[in-house]
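Residue strings, one per chain:
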Amino acid sequence: MAEPTVEQQRAIALASARLRLQDQQPSAAEQVANDPVTKGAQAVLDTSPADLAAANPAVRLGMGAISPILGAAQLGAEALGNKS
């Protein structure tokens, strides 16, 4: 049998290199699924609307500002005998 030509040897080497690379690298779908940004986005999508609203900085500021007023109202209600 005749020896392969230089072009055939190059083609064989290129094909075997491509196969090695294919075996080592994950597919594009696997890369996207394992990407930290994708995982973070999925975590946000799994979050309830109440949790998202509570995490809003404006809501947090408002709750912090109104907290003393709510405490005073609760203290006043307990002083008047309302235990609810």
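Refer to the preceding data block for the structure.
Residues numbered from 1 in each chain as written. Predicted model: local features only at pLDDT ≥ 70, side-chain atom pairs only at ≥ 80, totals over all residues. Heavy atoms only, no water.

Draft legend 1. Region of the structure containing the overall build of the chain. Check the secondary structure of the chain and you find five helices and zero strands. In terms of principal-axis extent, the alpha carbons of the chain reach across some 105 × 20 × 15 Å. Counting the 84 residues in the chain, one finds 0% classified as buried. Summed over all atoms, the accessible surface of the chain reaches about 7,500 Å², with 63% contributed by carbon and sulfur. Where the 6 positive side-chain charges of the chain centre and where its 8 negative ones centre are 5 Å apart. (Helix = DSSP H or I, 4+ residues; strand = E, 2+ residues; numbered from the N terminus. Buried < 20%, exposed > 50% of the residue type's maximum accessible area, 1.4 Å probe, protein only. Areas by Shrake-Rupley, 256 points an atom, 1.4 Å probe, with all protein chains shown as cover. Lys, Arg positive; Asp, Glu negative; His and termini not counted. Charge placed at Lys NZ, Arg CZ, Asp CG, Glu CD.)

Draft legend 2. Structural view of helix α5 (residues 57-79). Its 23 residues place the ends of α5 33 Å apart at the C-alpha level, agreeing with the 33 Å of an ideal helix rising 1.5 Å per residue. Residue Ile 66 marks the point of greatest curvature in α5, where the axis turns by about 40°; the proline Pro 68 follows within four residues. Sitting at the amino-terminal end of α5 is Asn 56, which places a side-chain oxygen 2.9 Å from the backbone nitrogen of Ala 58. (Expected span 1.5 Å × (residues − 1). Bend = angle between axes of the 7 residues up to and from the residue. Polar contact = N/O pair within 3.5 Å; in protein donor to acceptor, adjacent residues only side chain to side chain.)

Shape is all these values report; function is a separate question.
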